[in-house]
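Structural description and commentary
These are the residues of each chain, in order.
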Amino acid sequence: MKYPHKKQSNYSKRSLRVISGIFALLFAIVALAFTNHKDSIPTGDYQFTYPANFGNRINIPADNPTTQQGVYLGRLLFYETRLSANNKLSCGSCHQQAKAFTDGLALSKGVDDSLSTRNSMSLANLLWARKFFWDGRATSLENQATFPLTNPHEMGQTIQASVNKLSQSNMYPGLFKVVYGDSSITGLRIVKAIAQFERTLISANSRYDQYLKNSYTPTPDELKGMELFNRGPDPEKNIRGANCAHCHGGPKTYMELFHNNGLDSLPADQGIAAITGLAGDKGRFKVPTLRNIALTAPYMHDGRFKTLDEVIDHYSEHIKQSASLSSFLQHESNEPGGTSLKLLPKEKKQLLAFLNMLTDSAFINNPRFSDPKLVSSLHQNKTPTQ
Amino acid sequence: MKKLYFILALSLSCFMISPSANAQTTDKTAVVKVTGEVANPLSITEADLQQYKQTIVIRKDRDGKDHTYSGVILSDILTKAGATMGNDLKGENLTKYLLVEASDGYQVVFALPELDKAYTDRAIILADTIDGKPLAPADGPFRVIVQDEKRPARCIKQVTTLKIVFAK
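Residues numbered from 1 in each chain as written. Chains lettered and ligands numbered in written order. Predicted model: local features only at pLDDT ≥ 70, side-chain atom pairs only at ≥ 80, totals over all residues. Heavy atoms only, no water.

Looking only at helices and strands, one finds 15 helices and two strands in chain A. Every one of the 386 residues in chain A was classed for burial, and the buried ones make up 49%. Sequence-distant contacts, at least 24 apart, represent 66% of the contacts inside chain A between residues at least 6 apart. Per element, the accessible surface of chain A, about 18300 Å² overall, is 57% carbon and sulfur. (Helix = DSSP H or I, 4+ residues; strand = E, 2+ residues; numbered from the N terminus. Buried < 20%, exposed > 50% of the residue type's maximum accessible area, 1.4 Å probe, protein only. Contact = heavy atoms within 4.5 Å. Areas by Shrake-Rupley, 256 points an atom, 1.4 Å probe, with all protein chains shown as cover.)

See the structure below:
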């Protein structure tokens, strides 16, 4: 119990009795909720559903098959603030569903109030991803999760401390038993369950997906924008294009590539060059998914652009030359000899209309992805069981 | 002069601000790793590549113009690594493929017979020069060049890995 101890004399005996009555009631409700929890936990293999055009090149480690009970636990852990040093931050703090699992900030605040070095990333369709983070340094979701958990500038708590906190709770040992066969809580089991939940975050119902399924007719602007997005410019043949699909293309609008997209000539953050030590990797970052892109501002690894208009202006007018600039952005222009796309105002509007087609409101409103404690959070914070 | 100071200050501050940048950044040399179902995994530098027999391939790039590339036939490299080429390329070994990966994460596949002289005369090389000069940084230092293939999409740039894999 961690609330400020007030002197008892401040209260009359009567109100004390009322208060303890309320507490007892809350305790009973929560206890009931937890037992019900356990009884109602769905079990068995988890069936992923996604469109056929996403392809089946999914990434699930052999030692962490996805189960319904694992996803159930993972969701609780994803939103579990006790996994942070000050009991205030969870994965969900920097990855909020309403913002397609980003946080709306250029840089995020950790438990020590210092800022992260990079922009929080959208979590969608990670089932198909094989490298994680802006520099791809993590090779599995299981491995990825340990970084924010233990990073002193993020959740800032040792795995052992997290294990201890969860082991002392009423709820978790039983849940771990349902998922893993015995109630022992380990770091590996924590990250495995979180990863299982993350794999279920599938976004496949944007207007673009519906268009690909022939169930949505795009507006003329959306259609033009799609054309520009998918086509490279060729001024000699009078073909106008924006060539975005070369890096952001496909039904998932994600291809797992790493490029320097011309943000700086002298990048402050070296990107993957800091890992490989190769000059050609300077300022090279993961090409992020464009799914729900209208919801995930600000943009780029450092959150430098506040709006999609600024992003489009970047590609249209401000590509910075350097030795590691992607070859897909060199001499790509709608003007002969140009070094940036040079789109017309009308074309920028069309491109934006297409990017707005990628918003999937079913995804950000899917109750299976939301914070399971949200409805009962009032009780949670005040009950002695916690 | 002022400009120079500015650039100096800027690059210095880059080193100080940046979370991960440090002095060791960007002084390593690129290599191509040969891995997977091979007897002797290799790590090939540009200098190593000069030890092999050089072959020239002329083909068009995206600019629509013919260019002269020089480099080493892929099967020579794979044979050196002990992959099942030549007389060994039969039976279940015909279910193997070469997965080529680039530093941007791009990947393309070749079935082994596409690379083997006993099956085809088409040359597929790991090139390191174009028109007598080293490849441009955004294309090199190593690029696969596929003779006569209509689309350049398998002429994968900035190659980092050649991996032999069994189809499952």
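Another aspect to go through is the nonpolar core. By size, the foremost hydrophobic cluster in this structure holds 51 residues, and its most contacted members are Leu77, Tyr172 and Ile190 of chain A. Within the residue set of this core, elements represented by two or more residues are helix H2 (68-78), helix H4 (141-150), helix H5 (159-168), helix H6 (172-180), helix H7 (187-199) and helix H14 (361-365) of chain A. Among all residues touching isoleucine 190 of chain A, those that are not within four sequence positions of it are Leu77, Leu83, Ser162, Val163, Leu166, Phe176 and Ile185 of chain A. With 40 residues, the next largest nonpolar core counts Leu89, Leu98, Val108 and Cys155 of chain B among its residues. (Core = buried A, V, L, I, M, F, W, Y, C linked by side-chain atoms within 4.5 Å.)

This brings us to the environment of proline 65 of chain A. Residue and element names in this part refer to chain A. Looking at where proline 65 falls in the secondary structure, it is placed in the loop between helix H1 (13-40) and H2. Among the residues examined, proline 65 registers a relative accessible area of 49% and is labelled partly exposed. Between the C-alpha atoms of proline 65 and asparagine 292, which are 227 residues apart in sequence, the distance is 27 Å. Leaving out residues up to four positions away in the same chain, proline 65 has contacts with Ile60 and Gln196.

Residue and element names in this part refer to chain A. Going through the model one piece at a time under the given rule, you end up with 14 aromatic pairs over all chains. Considering the side-chain rings of phenylalanine 54 and tryptophan 128, the 5.3 Å spacing of their centres and the 80 degrees angle between planes classify their relative orientation as edge-to-face. Taken together, the residues span a long stretch of sequence, with phenylalanine 54 in the loop between H1 and H2 and tryptophan 128 in the loop between helix H3 (91-94) and H4 at a distance of 74 residues. Taking relative accessible area as the criterion, phenylalanine 54 reaches 3% and is therefore assigned buried. Judged by its relative accessible area of 3%, tryptophan 128 is buried. Ring-pair connections join several aromatic residues into one group, and the members of that group are Phe78, Tyr79, Phe101, Phe197, Phe363 and Phe369. (Phe/Tyr/Trp six-rings, centres within 6.5 Å; stacked < 30°, edge-to-face > 60°.)

With that out of the way, let us pick up the domain arrangement of chain A. Residue and element names in this part refer to chain A. Segmentation of chain A into domains returns domain 1 (52-203 + 363-373) and domain 2 (207-357). Across the boundary between the two partners, domain 1 contributes 28 residues, which contact 25 residues of domain 2. With both chains or domains summed, domain 1 and domain 2 bury close to 2200 Å², and 59% of this area falls on carbon and sulfur atoms. Among the residues of domain 1 in contact with domain 2, Phe54, Arg118 and Trp134 are the three that bury the most area, contributing 27% of the side total. Our count for the contact surface shared by domain 1 and domain 2 stands at one salt bridge. Among the ionic pairs, arginine 118 bridges to aspartate 269, the shortest N-O distance being 2.7 Å. (Domains from an automatic or database assignment. Buried area = accessible area lost by both parts, 1.4 Å probe. Salt bridge = Lys/Arg side-chain N within 4 Å of Asp/Glu carboxyl O.)

What follows covers unusual backbone geometry. The peptide bond linking alanine 297 of chain A to proline 298 of chain A adopts the cis configuration, its omega dihedral lying at -10 degrees. Cis geometry is adopted by the peptide bond preceding proline 141 of chain B, which originates at glycine 140 of chain B and carries an omega value of 5 degrees. Tracing the sequence through the fold places proline 141 of chain B in the loop between strand S8 (133-134) and strand S9 (143-146). For asparagine 292 of chain A, which is not glycine, the phi dihedral falls at a positive 55 degrees.

Glancing now at the interface of chain A and chain B. Interfaces are frequently sized by the accessible area removed from exposure as the parts join. Each partner contributes to the interface: chain A provides 31 residues, whereas chain B provides 25 residues. In total, about 1900 Å² of surface goes out of reach between chain A and chain B, with carbon and sulfur atoms giving 55% of it. Contact with chain B buries surface across chain A, with Leu266, Gly277 and Leu278 of chain A losing the most and accounting together for 22% of the total. Of all elements in the fold, only strand S1 (258-259) and helix H11 (273-276) of chain A reach the threshold of two or more residues within the side of chain A that touches chain B. If you tally residues by element for the side of chain A that touches chain B, the top one is H11 of chain A, at four residues. Grouping the constituent residues of the side of chain A that touches chain B by class yields 14 nonpolar, eight polar and nine charged. (Nonpolar A, V, L, I, M, F, W, Y, C, P; charged D, E, K, R; others polar.)

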